[in-house]
Amino acid sequence: MDVDNPPHYTQGPIHCIDAMVSAFGKDEVSAFCRLNAFKYVWRSTTHIAGSEQNLRKAMWYMNKSIELDQPSR
């Protein structure tokens, strides 16, 4: 599974995470990303999808949080 761009997280050209930023703001979505990363690490040893996929998802969310925390240019 492609954890960087799964098709079920888009509607047309809009990614769900981008719609979330538009609706809730960067700070709220950054916090959501950190919490989601925690969830994926937590379940990484027990989930049917396996450790690697869950840890890759956790890394994606942590990287997105870092990206959102960067000052706007």
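Presented here is an overview of the structure given in this document.

Basis of the calculations
Residues numbered from 1 in each chain as written. Predicted model: local features only at pLDDT ≥ 70, side-chain atom pairs only at ≥ 80, totals over all residues. Heavy atoms only, no water. Helix = DSSP H or I, 4+ residues; strand = E, 2+ residues; numbered from the N terminus. Expected span 1.5 Å × (residues − 1). Buried < 20%, exposed > 50% of the residue type's maximum accessible area, 1.4 Å probe, protein only. Arc of directions from axis to C-beta. Contact = heavy atoms within 4.5 Å. Axes fitted to C-alpha atoms, helices over the stretch in contact; angles between N-to-C directions. Parallel < 35°, antiparallel > 145°, perpendicular 65-115°, else oblique. Nonpolar A, V, L, I, M, F, W, Y, C, P; charged D, E, K, R; others polar.

**Examining helix H2 (residues 26-42)**
Next up, step 1: Helix length check: H2 (17 residues) gives 24 Å between terminal C-alpha atoms against 24 Å at 1.5 Å per residue, within 8%.
Next up, step 2: Among the residues of H2, Val29, Ser30, Cys33, Asn36, Ala37 and Tyr40 are the ones counted as buried. In an axial view of H2, the angular spread of the buried residues amounts to 125°, which keeps them on one side of the axis. Residues of H2 that are exposed and point more than 90 degrees away from the buried face comprise Asp27, Glu28, Leu35, Phe38 and Trp42.
Next up, step 3: Against the buried residues of H2 lie helix H1 (16-24) and helix H3 (51-69).

**Things to note about the packing of H1 against H2**
Next up, step 1: For the pair H1 and H2, interaxial distance at closest approach is 7 Å and the crossing angle is 135°. Classified by the angle their axes make, H1 and H2 are oblique. Listed contacts from H2 to Ile17, Met20, Val21 and Phe24 of H1 are Lys26, Glu28, Val29, Phe32 and Cys33.
Next up, step 2: Of the residues that constitute the contact of H1 with H2, the class distribution is seven nonpolar, no polar and two charged.

**Details of the side chain of Ser30**
Next up, step 1: Structurally, the position occupied by Ser30 is in helix H2.
Next up, step 2: Judged by its relative accessible area of 1%, Ser30 falls in the buried class.
Next up, step 3: Excluding residues within four positions of it along the chain, Ser30 makes contact with Ser65, Leu68 and Asp69.

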